[in-house]
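Notes for the structure review
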Amino acid sequence: MAADGSLRESLTGKAAAMVPVLLDRQKEADALRRMPDATHRDFLDAGFYRIFQPRRYGGLECENRTIIDIAVQLGRGCGSSAWVFTNLVAHSLVLSMNCVEAQDDVWGDNPEALIASGLSVTGATATPVDDGVLLDGMWSFSSGVDFADYLHLQVFVPREDGPPEPRFALVPKGSFEIVDDWNATGLLATGSKSVRLKEVFVPNYRTVAAGVLSGGKGLSRHINAAPLYQISIWSSGTQIFPAPAVGIARGALDYVENEFRDRVGVVGVKLAELPTAQARVAEANAEIDAALALLLQVSVEANEFAERDIHPELEQRARWRLNNAYATQLSIRAVERLYPLLGARGLDAANPFMRAWRDVHAVGQQITQAWDMQATNAGRIRFGLPSVDPRL
């Protein structure tokens, strides 16, 4: 455990050292509408993408909270880059819960291969055929797809004896077309484009059912036995979304504190001496600290369950997801609390604080972070009603 902690601290230190560079690249990233190649190379060189990859492929197999600590630091410099990092890393974790054959396909010849994802929101189909499924249509919100060697596409496979089964289907680069349709107001530099497939066959072993990812059910758990690979992707694993949000909020606070430290207002008053500014900065700092504490608590609890080989009950899994989503809400509130301090300067779209404002609100639109939906579902479960999300 001590060795794991030392590695995590080393990686987190590397991420913190990148913050000034990421700040300098913000304009370039937004102009590209994706993460710059130089940032991608920096992440590769630092080993960030390999934190959840099994050791037998040269991965680092870090403890679960490592992704939080790195993302919070990266988010201070560029929320979009932190988002791409967490999303690409998350799918190395998904693959590590699939069968060994699928893992060998991806990492056997290229241990640095990366996997992005995609959601079916426009009627894409997954048709069962002999020994696999046939994918056809458009999948969207593929964050970091420009750097991906494979995609994990969320598909719903029809069944005769029940509702469609949610699965991840693994498809290699070259079998899909990238559709450049990402023109968002927030998280602009994530390059979360769509992909188009035309009757692409995916063998069954390259698909993994959503239920396998709910914790302690991995198809290769006899080999990937670390607690990391026993957590639930759908509950505690949703920390990949709020972690960048906490970093974004911390970056916004950094900006305000640096701006206000020596600045004098139009009426000649030093802004750092205004009680309203002091109170807003202090409260925003507390909200950000509380958000991070929630994420770390979820991470620690999920790891303890995994170490004891205990599968958490639905109410526990719902609480983890709820708390992850609430961390995003606290991050949004912190940025909103600071917003009135910007004055007219905050109207400039190129202002780094405004970028943070847009980005943190964009995080809140991700389905597992959408507060009304997550709060309602968690409340249903506490009253003994079934979850509206069958994957939870």
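Owing to the predicted nature of the structure, the values given are computational and were not obtained by experimental measurement. (Residues numbered from 1 in each chain as written. Predicted model: local features only at pLDDT ≥ 70, side-chain atom pairs only at ≥ 80, totals over all residues. Heavy atoms only, no water.)

Here we come to the overall build of the chain. Counting secondary structure elements, the chain contains 11 helices and 8 strands. Computed over C-alpha atoms, the radius of gyration of the chain comes to 21 Å, within 12% of the 21 Å expected from 2.2 N^0.38 for 392 residues, which places it in the range of a compact globule. In terms of overall dimensions, the chain has a C-alpha envelope of 75 × 45 × 40 Å along the principal axes. The burial tally for the chain puts 56% of its 392 residues in the buried class. For the chain, the share of sequence-separated contacts (at least 6 apart) that also reach a separation of at least 24 residues comes to 71%. When the accessible surface of the chain is summed, it comes to about 16500 Å², and 53% of that surface belongs to carbon and sulfur atoms. The chain carries 38 positive and 47 negative side-chain charges, and their two centres are separated by 4 Å. (Helix = DSSP H or I, 4+ residues; strand = E, 2+ residues; numbered from the N terminus. Rg over C-alpha atoms; globule rule 2.2 N^0.38 Å. Buried < 20%, exposed > 50% of the residue type's maximum accessible area, 1.4 Å probe, protein only. Contact = heavy atoms within 4.5 Å. Areas by Shrake-Rupley, 256 points an atom, 1.4 Å probe, with all protein chains shown as cover. Lys, Arg positive; Asp, Glu negative; His and termini not counted. Charge placed at Lys NZ, Arg CZ, Asp CG, Glu CD.)

In spatial order, the strands read β1-β4-β5-β8; together these 4 strands make up an open sheet with mixed pairing. The sheet is open, and its two edges are formed by β1 (115–118) and β8 (207–209), each paired on a single side. Between one strand axis and the next, the sheet turns by 35° as a mean value, whatever way the strands run. In the sheet, β1 pairs with strand β4 (residues 150–159) via 4 bridges, with the strands oriented parallel. Bridge pairing links isoleucine 115 to tyrosine 150 in β4. Contacts from helix α5 (residues 79–96) reach β1, β4, β5 (162–172) and β8, with the element oriented near 95° to β1. (Pairing = 2+ DSSP bridges. Axes fitted to C-alpha atoms, helices over the stretch in contact; angles between N-to-C directions.)

Most peptide bonds take the trans form, and the phi angle of most residues other than glycine is negative. If you check the backbone angles, arginine 33 has positive phi at about 60° while not being a glycine. Along the chain, arginine 33 turns up in the loop between α2 (26–32) and α3 (37–46). Its identity is not glycine, yet glutamate 61 carries a phi of approximately 50°, on the positive side. Relative to the elements of secondary structure, glutamate 61 occurs in the loop between α3 and α4 (66–77).

Across its 18 residues, α5 extends 26 Å between first and last C-alpha, which sits within 8% of the 26 Å expected from 1.5 Å per residue. Burial runs high along α5: 18 of the 18 residues are buried. (Expected span 1.5 Å × (residues − 1).)

This brings us to the packing of α5 against helix α10 (residues 352–363). It is at 10 Å that the axes of α5 and α10 come closest, and there the two elements cross at 30°. Between α5 and α10, the angle is such that the two are roughly parallel. Of the residues in α10, those touching α5 at Gly79, Ser80 and Trp83 are Arg355, Asp359 and Val363. Taken together, the residues that form the contact of α5 with α10 break down as 2 nonpolar, 2 polar and 2 charged. (Parallel < 35°, antiparallel > 145°, perpendicular 65-115°, else oblique. Nonpolar A, V, L, I, M, F, W, Y, C, P; charged D, E, K, R; others polar.)

Direction of pairing for strand β3 (residues 132–142) relative to strand β7 (residues 193–203): antiparallel, over a ladder of 8 bridges. Each bridged residue has a counterpart across the sheet, and for tryptophan 139 the counterpart in β7 is valine 195. Sheet topology note: the strand β6 (residues 177–179)/β7 ladder contains 3 bridges and is antiparallel. Looking at β7, one finds that glutamate 177 is bridged to arginine 196.

Before going further, it helps to examine helix α7 (residues 242–260). In this model α7 runs 27 Å from its N-terminal to its C-terminal C-alpha over 19 residues, within 8% of the 27 Å that 1.5 Å per residue would give. Here α7 lies mainly inside the structure; 14 of its 19 residues are buried.

Mapping threonine 207 onto the fold places it in strand β8. A relative accessible area of 4% places threonine 207 in the buried class. Here the side chain of threonine 207 touches arginine 167 through a polar contact of 2.9 Å, side chain to side chain. Within the structure, the side chain of threonine 207 is placed 2.8 Å from the backbone oxygen of asparagine 204, a separation counted as a polar contact. With near-sequence residues (within four places) excluded, threonine 207 lies in contact with Asn98, Val133, Arg167, Phe168, Ala169 and Val202. (Polar contact = N/O pair within 3.5 Å; in protein donor to acceptor, adjacent residues only side chain to side chain.)

A separate point is the environment of proline 54. As for its position among the elements, proline 54 is in the loop between α3 and α4. Using a relative accessible area of 1% as the deciding quantity, one classes proline 54 as buried. In this structure the C-alpha to C-alpha distance between proline 54 and leucine 95, which are 41 residues apart in sequence, comes to 10.0 Å. In this view, proline 54 contacts Gly59, Glu61, Ser96, Gln103, Trp107, Asn224 and Tyr229; residues no more than four positions away in its chain are not counted.

This brings us to the pattern of salt bridges. Under the defined criterion, the tally for this structure stands at 22 salt bridges. Note that arginine 55 and glutamate 61 form a salt bridge whose closest N and O atoms lie 3.3 Å from each other. The partner of arginine 65 in a salt bridge is aspartate 69, and the shortest N-O contact between them spans 3.0 Å. Judged by relative accessible area, arginine 65 falls into the partly exposed class, the value being 26%. In this structure, a network of salt bridges that share partners links the residues Arg8, Glu63, Arg65 and Asp69. (Salt bridge = Lys/Arg side-chain N within 4 Å of Asp/Glu carboxyl O.)

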